[in-house]
Amino acid sequence: MQTENVPSILSVRNLSIWYGDKQVLRDLSFEVKQGQVTAFIGPTNSGKSTLVRCINRLNDFTPNFRSTGDILFRGVAMGTASDATALRKQIGMVFRKPIPFRGSIYENVAYGAQISGVNASTHLDTIVEKNLRKTGLWSEVENILGETPEQLSIGQQQLLCIARALAVEPEILIFDEPCGELDPIETVKIETLVRELTKDYTLIFATNKRRQAARVSDVAGFLYCGELIEFGATEKIFTNPQDNRTEQYVTGRLG
Amino acid sequence: MNVMTTCALRKQKLVSQIITFIFIGIVGAPISGVLQKTYAADTEAASAATPLNTLSPLLDDLYTVLSISFVAILFGIACAFYLQEWLPQTNWVRRFIESVVAILGGVPSIFYGILAIGIFFTDAGTLKTVGIVRGPQDIGDGSALGPLSFQYDTPVFYIVVLTFILMVTPMTIKTTQAALRSVATPIREATYALGASHWQVLRRQVIPIALTRILATGCRAMSSALATVALIFGIYIWQYTNGPREMSNRFILFLSGALFLSIFSSVLIKLCASASADPTHPTR
């Protein structure tokens, strides 16, 4: 896919993050283009989760969290935006573990829409169906909408969480190792879904599986010990890396 | 969080607890001095008067105890919510209140009972005449009049309310905070990530999950309040075996109430433990 001539939706400038005295991210700068999948790869503890949580401003709740630099969403620095909830409605997030809420499958998906202020039940019905269809879960749960999500498999629960995040109608959707707990068949489902969602959403994808990033992403960044070693088109990162460490990582000699 | 900051926080906590302890001592010493003076004055007065059935006006019936402890529990729950959900962990007010709560909540309720006896009763088992004005006919034959009803507009009443708040509130704050903490962080984060406000997270996720535990907390605090009252009656009966018969009835009533509530709260805790026994949501 073309990496040029696409407007950038999110730009990160000189982002550094500390937890207490420990520096987790060092001086990161990159741009996320609209309608693309941006993947962050790197070994465990390299700061991928911290980075994507920062984009959602979830780190606000972490004690001892401190950051410098800017994250600009549509040209507006989000660190200064006082209303983080409005920001999180535009930037959704899917976690490593599926976290279904209390209540039925229907209520889980409707929850996201209800937070944004949709209340009429006819609207909710269409929203729930639309988003469950998007994730491909509709045919499986059509007849058990009123039951609890505990009986679904982990992969189905993860799809449900994606449907719930989509119901808020975000512009960017962040995946923080969404397949960390899934088996290969369910992983394939999620990866296919990610490719389909590119049509409507900008996706940010953190993973420590190199091949997965190669399969799903347009742009990739290699994080190592809190530093962004290399950032560019996925093909280039995986076939012709500029940095020695990136080459070692993608060929499996590092991490 | 790294090791250094944890150590520093622990040190700060210890220091603030020591300061609190000293503070309570400084405030407490003059109070106990005043109490001893009134005690000496009362024993003189009591030797002249006939021991009356004066325990009943202090804690007239179950209803009074329950309503006072209910108010104290509500107050405690409100405090816990404010501390846990709104004040940041590094706030000095929060650290101070948590230190006070840790000290007061750790005191067994029997000490509060003994304290209440020491404060409100003379040696002869009569109520200290702090605020209750009694007519001359009472001194002659108290039993004919029956137990005095609880007087709501006297200073004694407010002191009793304060004692109950002092006893029940720290316990409630401590356990309610634990209940709020038990709501797994991932659930909160997942709700925040959908764009929910703080209040929406509380209303839709935290309160429904923590409610059973908070109810159990309230029951347990009420149970300990009843047990303390039963203890006061028990000591009264033990000292004056020829006292009014209704005292022993009340002792049994309050003790059984306390037993019932404590069993009920254990059942509630068991219930909420089985309801939240979900391997995908480990509590932190």
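Residues numbered from 1 in each chain as written. Chains lettered and ligands numbered in written order. Predicted model: local features only at pLDDT ≥ 70, side-chain atom pairs only at ≥ 80, totals over all residues. Heavy atoms only, no water.

Undergrad: For this particular structure, what's the right way to read the side chain of R164(A)?
TA: Along the chain, R164(A) turns up in helix α6 (residues 154-166). Buried and without a salt bridge, R164(A) has E150(A) as its closest oppositely charged side chain, separated by 9.7 Å. Side chain to side chain, R164(A) and N108(A) meet in a polar contact 3.1 Å long. Apart from the residues within four sequence positions on either side, R164(A) is in contact with I99(A), P100(A), F101(A), N108(A), V109(A), G112(A), A190(B) and L194(B). (Helix = DSSP H or I, 4+ residues; strand = E, 2+ residues; numbered from the N terminus. Buried < 20%, exposed > 50% of the residue type's maximum accessible area, 1.4 Å probe, protein only. Lys, Arg positive; Asp, Glu negative; His and termini not counted. Salt bridge = Lys/Arg side-chain N within 4 Å of Asp/Glu carboxyl O. Polar contact = N/O pair within 3.5 Å; in protein donor to acceptor, adjacent residues only side chain to side chain. Contact = heavy atoms within 4.5 Å.)

Undergrad: Where do I start with the side chain of T234(A) in this structure?
TA: For T234(A), the position within the fold is in helix α9 (residues 234-239). Within polar-contact distance, the side chain of T234(A) engages the backbone nitrogen of V219(A) at 3.2 Å.

Undergrad: Help me understand the nonpolar core in this model?
TA: It is characteristic of soluble globular proteins that their nonpolar side chains tend to be buried jointly. Ranked by internal contacts, the top residues of the largest apolar core, which has 117 residues, are L10(A), L15(A), L132(A), I162(A), F175(A), L197(A) and I204(A). At 13 residues, the largest contribution of residues to this core is made by helix α10 (residues 198-239) of chain B. If we ignore the near neighbours within four places in the chain, the residues touching L15(A) are L25(A), R26(A), D27(A), L28(A), L51(A), C54(A), T68(A), G69(A) and I71(A). Of all hydrophobic cores here, the second largest spans five residues; its members include A80(B), L83(B), L87(B) and V101(B). (Core = buried A, V, L, I, M, F, W, Y, C linked by side-chain atoms within 4.5 Å.)

Undergrad: Please clarify how a nonpolar patch on the surface should be interpreted in this entry.
TA: All names here are of chain B. Side chains of F23, W92, V93 and F96 sit close together on the surface and give an oily, nonpolar patch of about 420 Å² of accessible area. Of all the elements, helix α4 (residues 92-106) adds the most residues to the nonpolar patch, at three residues. Mapped onto the elements, F96 comes out in helix α4. (Patch = residues over 30% accessible without salt bridge, like charges linked within 9 Å, V, L, I, M, F, W, Y side chains within 5 Å. Areas by Shrake-Rupley, 256 points an atom, 1.4 Å probe, with all protein chains shown as cover.)

Undergrad: Sorry, what's going on with the pattern of salt bridges here?
TA: A side chain with one charge can pair with a side chain of the opposite charge if their charged atoms come near. Residue and element names in this part refer to chain A. Using the criterion set out here, one finds 12 salt bridges over all chains in the structure. With a shortest N-O distance of 2.2 Å, E171 and R74 are connected by a salt bridge. Note that E171 is positioned in the loop between α6 and β7 (172-176) and R74 in the loop between β4 (65-73) and β5 (76-77), a separation of 97 residues in sequence. The exposure class of E171 is partly exposed, given its relative accessible area of 24%. Between D243 and R245 there is a salt bridge, with the nearest N and O atoms lying 3.4 Å from each other. Residue D243 is classed as partly exposed on the basis of its relative accessible area, which comes to 23%. One salt-bridge network, in which partners are shared between bridges, spans R96, E177 and E181.

Undergrad: Where do I start with the sheet that holds β5(A) in this structure?
TA: Two modes of strand pairing occur in sheets, parallel and antiparallel, and in both the strands are linked by backbone hydrogen bonds. Residues and elements named next belong to chain A. Read from one edge of the open sheet, four strands run β2-β1-β4-β5, paired in antiparallel fashion. Each having just a single partner strand, β2 (22-33) and β5 make up the two edges of the open sheet. Taken together, the eight bridges between strand β1 (residues 8-19) and β4 define a ladder with antiparallel strand orientation. For S16, the partnering residue across the bridge sits in β4 and is T68. (Pairing = 2+ DSSP bridges.)

Undergrad: What am I meant to see in the interface of chain A and chain B here?
TA: One widely used convention gives an interface's size as the accessible area the parts lose upon coming together. Every contact between the two is made by 28 residues of chain A and, on the other side, 23 residues of chain B. Summing both partners gives a buried area of about 2,200 Å² for chain A against chain B, and 61% of it is carried by carbon and sulfur. Sorting the residues of chain A by area buried against chain B places R102(A), Y111(A) and I115(A) first, and these three jointly supply 23% of that buried surface. Counting across the interface, chain A meets chain B through one salt bridge. (Buried area = accessible area lost by both parts, 1.4 Å probe.)

Undergrad: Before we go on, may I ask you to explain the packing of aromatic side chains in this structure?
TA: Aromatic ring pairs: the centre-centre distance and the angle between the two ring planes describe each pair. Residues and elements named next belong to chain A. Applying the stated criterion across every chain yields a total of eight aromatic pairs over all chains. With centroids separated by 5.2 Å and ring planes inclined at 75°, the aromatic side chains of F101 and Y111 adopt a geometry described as edge-to-face. Taken together, the residues span a long stretch of sequence, with F101 in the loop between β6 (91-94) and α3 (105-115) and Y111 in helix α3 at a distance of 10 residues. Of the residues examined, Y111 reaches a relative accessible area of 4% and is grouped as buried. Plain terms: the ring middles of F222 and Y224 are 6.1 Å apart, the flat faces sit at 25° to each other, and that makes the pair stacked. Ring pairs connect the aromatic residues F30, F40 and F231, which therefore count as one cluster. Lying over the aromatic face of W18, R66 brings its terminal NZ or CZ to 4.6 Å of the ring centre. Of note, R210 hangs over the ring of Y249, and the distance from its end group to the ring centre comes to 4.3 Å. (Phe/Tyr/Trp six-rings, centres within 6.5 Å; stacked < 30°, edge-to-face > 60°. Lys NZ or Arg CZ within 6 Å of the ring centre and 35° of its normal.)

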